[in-house]
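Coordinates in review
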Amino acid sequence: MNTTVTPTKGGVVFDLVVIGGGINGCGIARDAAGRGLSVLLCEKDDLAQATSSASTKLFHGGLRYLEYFEFGLVRKALREREVLLKAMPHISWPMRFVLPYDPELVYPADASTLGKILRFTMPFLGGRRPAWLVRAGLFVYDYLGGRKILPPTRTLNMSNDKVGKPLKPKFKKAFEYSDCWVNDARLVVLNARDAADHGADIRTRTLCIGAERDGKLWRVTLHDTARDKTTTVMCRGIVNAGGPWVSEILQGRLRQNTSTGIRLVRGSHIVTRKLFDHDQPYFFQLSDGRIIFAIPYEQDFTLIGTTDQDHDGDMGEVHCTPQEQRYLLDAANDYFQQQLTDDDVVWTYSGVRPLYDDGASSATSATRDYVLTVIDADGQAPLLNVFGGKITTYRKLAEEALADLKPYYQGMAGNWTAEAHLPGGDFPVDGFDALVSDLMGEYPFLTLDWGTRMVRLYGTLARVVYDGADTLADLGQDFGATLFQREVTWLVEQEWATSADDILWRRTKLGLRMSNDQIAALQESL
């Protein structure tokens, strides 16, 4: 196989063009580039600008999916948690979740597959979940995925445990189990960065206008919206990882028919000031059969979400509605002693998840698994489409996508990402504090919070960002909230940032801490 960009009459031929700069597109681009394929990725906006930066920010098996008997999906995700944790300990870390037990909570009859079975086999429960059943589910969750690093579930007495203090007194018991946090937007950017380090051509603000087969190749038309320039590239195959736009791209721009579809489901979150003084997140079960999380966020805040609402509006107008905000506040108020109001909300965000349409009766019960389809022309010019998926299984999805494409790329190298670190993640899972300490020793002007922020974002590359800086003056213009020109330059040159929003809400979350004037000054400098 020729793994270099091959000159032709039309310019160059890429092995693969990936449409979509979300987690699935960037994950596939990284995996393909690491196998020796020449890859071009195009994204119409910024990396992770849509769904991939609007998740609940967890690597998790999906505890609630056990109620729908989605054991395969849960097992796959659980196995991935520790693989991903070891690959990126700067942007992902273990957390001990607290699930308060409410013996009086009644679930709707049709809330889940398990609920329906219990209504039939144990009607005396009246829709309630006995503690032993919850504990049994957590036992399955502990061992279904072959846990090695993360500790198992244990039972908590809420009357004498710190995690019980913020909650209402009626919650006497809770279960504590393991899952992982992840910085979702940085996960996407670091996959793109690693793809580029393996030779991929990453083009943001570049819209795929259309593509058509030209013999054994694809002719792809791209429009650089920043420069208002249209170009054409040739490639041997295309991956359509357009997320919420996957069907539009498939049918409208690539002019292909398919019976596979997606269900657009909006998930909204609210961010409040810090609601509790410990570092453990909560898993709250609700009377409508749904769940929400309340998670420590960016040191001084609490993240609460998510909702599940079918989305049939404009994809450019995705936001947390007043009704969704009220729903999340009411759900949190059922658990917390401190009653929250709209005034406590400092930020909201929403994303539309492109779930595989399995015909489920509700958005909540729709599967979170993925489906990959390949359309070719007499064994040539493949088009692989990605329907559905969740952030935890992005790496496995990429591996499966490359396995489906292997017949078209004879000699392509095999799987490699399971043992590979993302950029900046080349340190032990338990080595974070030591890395912060070393960084502060190397750059004495750093405070603990500042040093922690830098390692959380860049890992071992934090040293490279500040390379040669002896004093604060060496960092250049101070934009506020410990953001200096040196870091901005890194984000522009190494991470494709072009606007203040890219920097403050996706590469970092410093938008929570900066004034409008500071944000305007940053934008003016770009």
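In this report, we go over the structure that sits alongside the text. Residue positions are given per chain, counting from 1 as you read along its sequence in written order. The model is predicted, so local features are restricted to residues of pLDDT at least 70 and side-chain atom pairs to those at 80 or more, both for listing and for counting; the totals for chains, interfaces and linings are taken over all residues. Working from all heavy atoms in the structure, the side-chain values ignore hydrogens and water.

Topic: the overall build of the chain
Rule in force here: A helix here means a DSSP run of H or I that spans at least four residues, while a strand means a run of E at least two residues long, and both kinds are numbered starting from the N terminus. Atoms counted for the radius of gyration: C-alpha only. Globule rule: 2.2 Å times the number of residues to the power 0.38. Burial here depends on accessible area, computed with a 1.4 Å probe over protein chains only, as a share of the maximum for the residue type. Under 20% is buried, over 50% is exposed, and the range in between is partly exposed. Any two residues having at least one pair of non-hydrogen atoms within 4.5 Å are treated as being in contact. Charged residues are defined narrowly, with Lys and Arg counted positive, Asp and Glu counted negative, and His plus the chain ends left uncounted. Lys charges are placed at NZ, Arg charges at CZ, Asp charges at CG and Glu charges at CD.
Assigned secondary structure in the chain consists of 14 helices and 21 strands. For a compact globule of 526 residues, the expected C-alpha radius of gyration is about 24 Å, and the chain comes in at 23 Å, within 12% of that figure. Viewed in the frame of its principal axes, the chain has a C-alpha envelope of about 75 × 60 × 40 Å. Put simply, the chain has 526 residues, and 58% of those count as buried. Within the chain, contacts between residues separated by at least 24 positions form 69% of all contacts whose residues are at least 6 apart in sequence. Between the centroid of the 58 positive side chains of the chain and the centroid of its 67 negative side chains there is a distance of 5 Å.

Remarks on a nonpolar patch on the surface
Operational definition: Distance thresholds for patches are 9 Å for like charges and 5 Å for nonpolar side chains (Val, Leu, Ile, Met, Phe, Trp, Tyr), applied to residues having over 30% relative accessible area and no salt bridge. Only the protein chains shown count as cover for residues, with accessible areas throughout obtained via the Shrake-Rupley method and a probe of 1.4 Å. We define a salt bridge as a side-chain nitrogen of Lys or Arg found within 4 Å of a carboxyl oxygen belonging to Asp or Glu.
Taken together, the side chains of F69, F71, I117, F139, V140 and Y143 present a nonpolar region at the surface, about 540 Å² in accessible area. The topology assignment puts V140 in helix α4 (residues 131-143).

Some thoughts on the packing of helix α13 (residues 500-507) against helix α14 (residues 516-525)
Test applied: Helix axes are fitted only over the stretch in contact, all axes being lines through C-alpha atoms; the angle between N-to-C directions runs from 0 to 180 degrees. Angles below 35 degrees are treated as roughly parallel, those above 145 as roughly antiparallel, those between 65 and 115 as roughly perpendicular, and all remaining angles as oblique.
The interhelical angle for the contact between α13 and α14, taken along N-to-C directions, is 125°, at an axis separation of 8 Å. Considered as vectors, α13 and α14 are oriented oblique to each other. Touching A500, I503 and L504 of α13 are I519, L522 and Q523, all from α14.

Points about the side chain of S92
So the rule is basically this: Pairs of N or O atoms within 3.5 Å make up the polar contacts considered here, provided that, within protein, one atom can donate a hydrogen while the other can accept it, and that residues adjacent in sequence are counted only when both atoms are side-chain atoms.
Relative to the elements of secondary structure, S92 occurs in strand β5 (residues 92-101). The class for S92 is buried, based on a relative accessible area of 1%. A polar side-chain atom of S92 sits 2.7 Å from the main-chain carbonyl oxygen of W181. Contacts of S92, omitting those with residues within four sequence positions, involve F59, L85, C180, W181 and V182.

Regarding the nonpolar core
Basically, it comes down to this: Only buried Ala, Val, Leu, Ile, Met, Phe, Trp, Tyr and Cys residues count toward a nonpolar core, and they belong to the same one when joined by side-chain atoms within 4.5 Å.
I28, V39, L47, M88, L187 and V239 are the most contacted members of the largest nonpolar core, which has 49 residues in total. Ranked by residues supplied to this core, first place goes to helix α5 (residues 184-197) with eight residues. Among residues more than four places away in sequence, those in contact with I28 are V18, V239, V386, L397, A398, A401 and L402.

Considerations on the pattern of salt bridges
Per the counting criterion, the structure on display carries 38 salt bridges. The shortest N-O distance in the salt bridge between R203 and D201 comes to 3.0 Å. The exposure class assigned to R203 is partly exposed, which follows from its relative accessible area of 25%. Since its relative accessible area comes to 26%, D201 is described here as partly exposed. Members of the salt-bridge network, linked through shared partners, are D46, R205, D502, R506 and R507.

Some remarks on the environment of T417
Mapped onto the fold, T417 is located in the loop between α8 (394-405) and α9 (432-442). Between the C-alpha atoms of T417 and V246, which are 171 residues apart in sequence, the distance is 25 Å. If we skip the residues at most four places from it in the chain, T417 touches R30, D31, R395 and E399.

Quick word on helix α10 (residues 448-458)
Taking burial as the measure, the eleven residues of α10 include eight buried ones, the bulk of the element. Every buried residue of α10 is accounted for by W450, G451, T452, R453, M454, V455, L457 and Y458. Structurally, α10 contributes buried residues whose contacts are with α5, α9, α11 (462-465), β21 (483-484), α12 (485-495) and α13. Looking at the residues trailing α10, positive phi occurs at G459, about 60°.

Notes on the pairing of strand β3 (residues 39-42)
Consecutive side chains of a regular strand alternate in pointing toward one face of the sheet and then the other. To be explicit about the condition: Should DSSP find at least two bridges between two strands, the strands are regarded as paired.
Burial along β3 is two-sided: V39 and L41 and L40 and C42, pointing in opposite directions, are all buried. Strand direction decides the pairing type here: β3 and strand β8 (residues 201-203), joined by three bridges, are parallel. The partner of L41 across the bridge, within β8, is I202.

Re α4
Given 3.6 residues to a turn, an α-helix orients residues that are three or four positions apart in the same direction. The cut-off we apply is this: To estimate the expected span of a helix, count its residues, drop one, and scale the result by 1.5 Å.
The end-to-end C-alpha separation of α4 is 19 Å, in line with the 18 Å expected for 13 residues at 1.5 Å each. For α4, the full list of buried residues reads A131, L133, V134, L138, Y141 and D142. Close packing links the buried residues of α4 with α2 (71-87), β5, α3 (113-121) and β7 (173-182).

As for the packing of helix α1 (residues 23-34) against α5
Note the following rule: Here is the rule for handedness: rotate from the far helix to the near one, and if that takes an anticlockwise turn smaller than a right angle the crossing is left-handed, while a clockwise turn gives right-handed.
Here α1 crosses α5 at 25°, and the two axes come no closer than 8 Å. Of the possible angle classes, the one that applies to α1 and α5 is roughly parallel. Note on packing geometry: the crossing formed by α1 with α5 is left-handed. Residues I23, C26, G27, A29, R30 and A33 of α1 touch α5, and the partners they reach there are L187, V188, N191, A192, D194 and A195.

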